[in-house]
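Listed here are the chains, written in short residue letters.
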Amino acid sequence: EAGVAQSPRYKIIEKRQSVAFWCNPISGHATLYWYQQILGQGPKLLIQFQNNGVVDDSQLPKDRFSAERLKGVDSTLKIQPAKLEDSAVYLCASSPGLYVATDTQYFGPGTRLTVL
Amino acid sequence: TQLLEQSPQFLSIQEGENLTVYCNSSSVFSSLQWYRQEPGEGPVLLVTVVTGGEVKKLKRLTFQFGDARKDSSLHITAAQTGDTGLYLCAGNTGGFKTIFGAGTRLFVKA
């Protein structure tokens, strides 16, 4: 079974530029998560989808971040415009059913973003 | 604010030693998970605990959930270099969100 795929793996941009990340979850997984992991910290949930609906986006900086999950499969996360403090690893994860706390979240390798 | 505090933040030990890392909160969790993350990769689930006082073993790793479901510990016996990584605890208080701690970074020297 293929894992969660993310691209690109690395991205370097200048502040005020735009950037987009792509995630392909495990086939059939209903719930998809985007996390931000700043160096030295644990993952922080940005947005959580169940199928193509948003369950939680309370920590998503909506003035600059946006995310969508078309047709309940792939997802993209966009930052526009980027700030220095957005430098982090962006992790995508998926879980099989509608959100259950005890479910395993399967993570992709992440996209490391550096904002100069 | 729900907060999971992990300690120590960093641990460097010799191969063969035993160690314990901790995850504490003032909140009660309905379930708690431990993940391990290696450099350049995403976290991988090690275990899920749901019952207060529960103890689970995974080879040389022993996980315990506190009686009050506010804390957890991970004990590694006879650490190996392959145990090196970032150990994250993650908890749920009953809503639709899992909260991660900042992690304990473990380095096992040969």
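Our subject is the structure that appears above.
Rules used throughout
- Residues numbered from 1 in each chain as written.
- Chains lettered and ligands numbered in written order.
- Predicted model: local features only at pLDDT ≥ 70, side-chain atom pairs only at ≥ 80, totals over all residues.
- Heavy atoms only, no water.
- Helix = DSSP H or I, 4+ residues; strand = E, 2+ residues; numbered from the N terminus.
- Rg over C-alpha atoms; globule rule 2.2 N^0.38 Å.
- Contact = heavy atoms within 4.5 Å.
- Areas by Shrake-Rupley, 256 points an atom, 1.4 Å probe, with all protein chains shown as cover.
- Disulfide = S-S within 2.5 Å.
- Buried < 20%, exposed > 50% of the residue type's maximum accessible area, 1.4 Å probe, protein only.
- Salt bridge = Lys/Arg side-chain N within 4 Å of Asp/Glu carboxyl O.
- Pairing = 2+ DSSP bridges.
- Axes fitted to C-alpha atoms, helices over the stretch in contact; angles between N-to-C directions.

S.K.: Explain the overall build of chain A to me, using residue names and the numbers behind them.
M.R.: Along the backbone of chain A there are 0 helices and 11 strands. Start at the N end of chain A and walk to the C end: the helices and strands fall as β-β-β-β-β-β-β-β-β-β-β. The C-alpha atoms of chain A give 13 Å as radius of gyration, which agrees with the globular expectation for 116 residues (13 Å, within 12%). A separation of at least 24 residues holds for 54% of the contacts in chain A among residues at least 6 apart in sequence. Counting every atom, chain A has about 5600 Å² of accessible surface; 51% of that belongs to carbon and sulfur.

S.K.: Go over the state of the cysteines with me, naming the residues and quoting the values.
M.R.: Counted according to the given criterion, the structure contains 2 disulfides over all chains. Paired by a disulfide, Cys23(A) and Cys92(A) hold their sulfur atoms 1.9 Å apart. Disulfide Cys23(A)-Cys92(A): torsion about the S-S bond near -70°, hence left-handed. In this pair, Cys23(A) sits in strand β3 (residues 19–24) while Cys92(A) sits in strand β9 (residues 88–95), placing the two residues 69 residues apart along the sequence. The residues Cys23(A) and Cys92(A) share a single accessibility class, namely buried. Each sulfur of the disulfide joining Cys23(B) and Cys89(B) lies 2.1 Å from the other. Negative torsions about the S-S bond denote left-handed disulfides, and the value of about 75° found for Cys23(B) with Cys89(B) makes this one right-handed. Pair noted here: Cys23(B) is in strand β3 (residues 19–24) and Cys89(B) is in strand β9 (residues 85–92), with a separation of 66 residues, a long-range link.

S.K.: Can you tell me about the pattern of salt bridges, naming the residues and giving the values?
M.R.: Overall, the coordinates contain 6 salt bridges over all chains when judged by the stated rule. Across the salt bridge formed by Asp56(A) and Lys97(B), the nearest N and O atoms sit 3.9 Å from each other. Separated into two different chains, Asp56(A) in strand β6 (residues 53–56) and Lys97(B) in the loop between β9 and β10 (99–100) make up a pair that spans both.

S.K.: Break down the side chain of Ser31(B) for me, with residues and values.
M.R.: Tracing the backbone shows Ser31(B) in strand β4 (residues 31–37). For Ser31(B), a relative accessible area of 3% puts it in the buried group. For Ser31(B), the residues in contact, after removing those within four places along its chain, are Ala101(A), Thr102(A), Val49(B), Val50(B), Phe65(B), Ala90(B), Gly91(B) and Asn92(B).

S.K.: Give me the lowdown on the sheet that holds strand β7 (residues 65–68) of chain A, citing residues and values where you can.
M.R.: Residues and elements named next belong to chain A. The sheet built from 4 strands is open, its strands ordered β1-β3-β8-β7 with antiparallel pairing. Taken across any chain shown, the strands that pair with only one partner, and hence form the sheet edges, are β1 (5–7) and β7. Put simply, the sheet's adjacent strands are angled 15° from each other on average, direction ignored. Across 5 bridges, β3 lies against strand β8 (residues 75–79) in antiparallel orientation. Note on β8: the bridge partner recorded for Phe-21 is Leu-77.

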